[in-house]
Amino acid sequence: MILAAVDAQTLVDAIGLGAVYALMAVGIGLVFGVLRLVNFAYGQLVMAGAYTLAFTSGWPVAGGIAACFVVVIALSLAMERAVFRPLRTQSPAVMLVTTFAVAFLLQNIALILDIRDGTIGEPASSLVQLNQVVTIGGVDVRKVTILAVAVAVVALGLLALLLARTTIGLHMRAASADFRTARLLGVRANTVIGVAVLLSGVLAATVAVILTVQFPLVSPDFALRETIVVLVGVVVGGIDRLWTATLGGFAIGFATGVINGALPTDKTVFLPSAVFALVILVLVLRPAGLFARGRAAVVDRV
Amino acid sequence: MTAVLELRNLDVAYGSVSAVRRLNLEVGHGELVGLIGPNGAGKSTTLHAIMGLVPPAAGDVLFAGQSVRGRTPESIARAGIALVPEGRRIFGELSVEENLRLGLAARRRNGADPLAAAYDLFPMLADFRDRQAGALSGGQQQQLAIGRALVAAPDVLLLDEPSLGLSPTLVDAVFGALTEIRDRGVSILLVEQRAQRTVALADRTYVLANAESRMTLTPADANDTDKMIQAYLA
């Protein structure tokens with residue numbers, strides 16, 4: 001019955017959601033690779049980008065998007081310089097808790113800026129025309145879904161090229177595998193971390209643009225729920241590697257979309273329960289990650 | 001002869017435990033210097049202190065007459081000191097050639113074929129250049145680790161127990177390669193457990209025990225069994 005409910009329309013929407021979550025997963029996975037840091041404050045980078053789009057609503061669209069990228073990238077680099085770098089040698093638990101603090105700090109700064117006009121929530125309406133629908137083969141596809149999938153494919157393709165073909169990409173792959181040995185070979189720690197944080201900021205800004213089209217009312221908890229779901233997806237996919245983390249992000253987005261489409265309209269309140277039940281099942285069966293192999297098999301046997 | 005690498009009264013401590021005490025050591029240009037001693041004597045710690053992985057509690061590390069104390073591992077590597085770490089530490093998921101290209105991060109000059117230094121010494125690496133490094137045998141991985149350090153064209157090569165876990169034939173190959181590397185003009189500091197072979201090969205060998213330098217041996221001592229036993233047990 002559930003499968004029958006999964007029509008082409010649901011699949012298209014699920015792929016669109018998966019694409020956005022995959023972009024966020026890469027942003028989180030890149031930084032985790034070089035810093036072993038799970039950045040809970042990643043969603044607040046997206047939120048800052050969304051507010052920038054809202055506050056620049058009167059500007060030409062390109063100007064607003066450019067401002068969004070500038071703000072998010074600057075905030076991402078500032079976060080690394082002011083918070084992550086001094087804590088780099090601390091335990092992962094200390095770093096994770098610190099990112100909670102950063103997240104709540106940024107959320108409250110956003111609240112202070114937002115409440116100045118007496119209401120919470122700012123409209124970011126300059127891109128809403130991307131919500132228009134085009135009909136392809138009888139399926140209604142919102143333009144933003146096409147944009148999300150296209151951007152995800154292009155961004156991931158460029159990132160794959162960067163990692164595979166360039167010297168800095170090689171250095172980042174080495175640093176993700178064994179940071180100390182990479183440094184002993186002359187790989188500059190600050191450079192690989194800086195580039196990872198920069199790319200992660202670019203991805204957060206991209207996600208901000210796409211999400212504000214889908215959710216044009218920006219509030220301080222913008223992208224918070226998405227971040228939690230993506231973090232879960234990253235762990236489910238396998239946080240150790242960028243590609244398994246990315247697939248995990250896509251998978252949880254896709255699964256959310258499919259379950260949402262399959263649930264009767266009056267039962268959608270059960271969506272998170274259904275998604276997280278699936279997550280628990282996956283983690284029980286494959287604790288090292290859904291897409292992990294090799295090392296995962298060893299972990300399984302222990 | 002001026003020393004390319006010099007340790008002056010080096011002290012390293014882990015908490016209240018002293019790992020290296022007042023160590024003085026010199027490696028001259030083109031010299032192969034050995035550093036032997038039982039497990040826990042402080043040999044690896046000495047190499048880690050040179051590379052900036054652990055901070056010295058006192059004393060100094062001089063490279064070409066300049067102190068490198070307090071510098072990051074990457075800046076010391078880029079200055080011209082390369083370490084072949086214990087356990088090889090190759091990147092198993094990267095190809096052989098990618099591992100070698102990582103060694104170029106610390107290279108100070110550009111050459112026509114920067115990987116040639118490794119391929120000339122170990123032709124096997126050229127044959128397997130596209131293979132995943134993790135698929136190589138232990139001996140091949142050790143050759144890759146040495147080749148990866150060499151492509152940086154360092155002035156000083158530090159090796160931490162390169163013969164560990166290798167069969168006798170492969171140990172011969174590694175020691176043979178060290179002579180060839182020295183003959184190319186690279187100064188070498190070799191940390192080893194194989195005392196007799198190291199003493200026989202090196203221009204000078206320091207014996208480290210209980211965190212202190214106990215004596216210095218020359219190749220003439222290699223066949224003096226009493227002296228070798230004394231070095232370890234005195």
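Caption draft 1: Region of interest: the overall build of chain B. Per the secondary structure count, chain B includes nine helices and 10 strands. Taking 2.2 N^0.38 as the reference for a compact globule, 234 residues should give roughly 17 Å; the C-alpha atoms of chain B span a radius of gyration of 17 Å, in line with that estimate. For the C-alpha atoms alone, the extent of chain B along its principal axes is close to 50 × 40 × 35 Å. A buried classification covers 45% of the 234 residues belonging to chain B. Summarising the internal contacts of chain B: among those between residues at least 6 apart in sequence, 69% fall at separations of at least 24.

Caption draft 2: Molecular detail of helix α2 (residues 8–35) of chain A. Residue and element names in this part refer to chain A. Here α2 spans 40 Å end to end across 28 residues, near enough to the 40 Å set by a 1.5 Å rise per residue. With 23 of 28 residues buried, α2 is to be regarded as a mostly interior element. Looking one or two residues past α2, Arg 36 carries a phi angle of roughly 50°, positive in sign.

Caption draft 3: Structural context of the interface of chain A and chain B. If you look at the interface, chain A gives 15 residues, while chain B gives 19 residues. When contributions to the side of chain A that touches chain B are tallied by element, the ones reaching two or more residues are α7 (167–177) and α8 (179–184) of chain A. Per-element tally for the side of chain A that touches chain B: the top contributor is α7 of chain A, with five residues.

Caption draft 4: Highlighting the pairing of strand β2 (residues 133–136) of chain A. All names here are of chain A. As judged from the four bridges shared by β2 and strand β3 (residues 139–142), these two strands associate in the antiparallel manner. Across the sheet, residue Ile 136 finds its bridge partner in β3, namely Val 139. Between β2 and the antiparallel strand that follows it, β3, lie two residues; Gly 137 among them carries a positive phi value of about 55°.

Caption draft 5: Looking closely at the sheet that holds strand β1 (residues 3–14) of chain B. Residues and elements named next belong to chain B. Here four strands make up an open sheet; going across it, the order is β2-β1-β4-β5 and the pairing antiparallel. The strands lining the two open edges of the sheet, one partner per strand, are β2 (17–28) and β5 (66–67). Taken together, the five bridges between β1 and strand β4 (residues 58–63) define a ladder with antiparallel strand orientation. Opposite Glu 6, over in β4, you have Leu 62 as the bridge partner. Contacts from helix α1 (residues 43–50) reach β1, β2 and β4 within the one sheet, and its direction differs from that of β2 by about 70°.

Cut-offs applied
- Residues numbered from 1 in each chain as written.
- Chains lettered and ligands numbered in written order.
- Predicted model: local features only at pLDDT ≥ 70, side-chain atom pairs only at ≥ 80, totals over all residues.
- Helix = DSSP H or I, 4+ residues; strand = E, 2+ residues; numbered from the N terminus.
- Rg over C-alpha atoms; globule rule 2.2 N^0.38 Å.
- Buried ≥ 20, exposed ≤ 12 C-beta atoms within 10 Å, placed from the backbone.
- Contact = placed C-beta atoms within 7 Å.
- Expected span 1.5 Å × (residues − 1).
- Pairing = 2+ DSSP bridges.
- Axes fitted to C-alpha atoms, helices over the stretch in contact; angles between N-to-C directions.

Just geometry here; none of it tells us what the structure is for.
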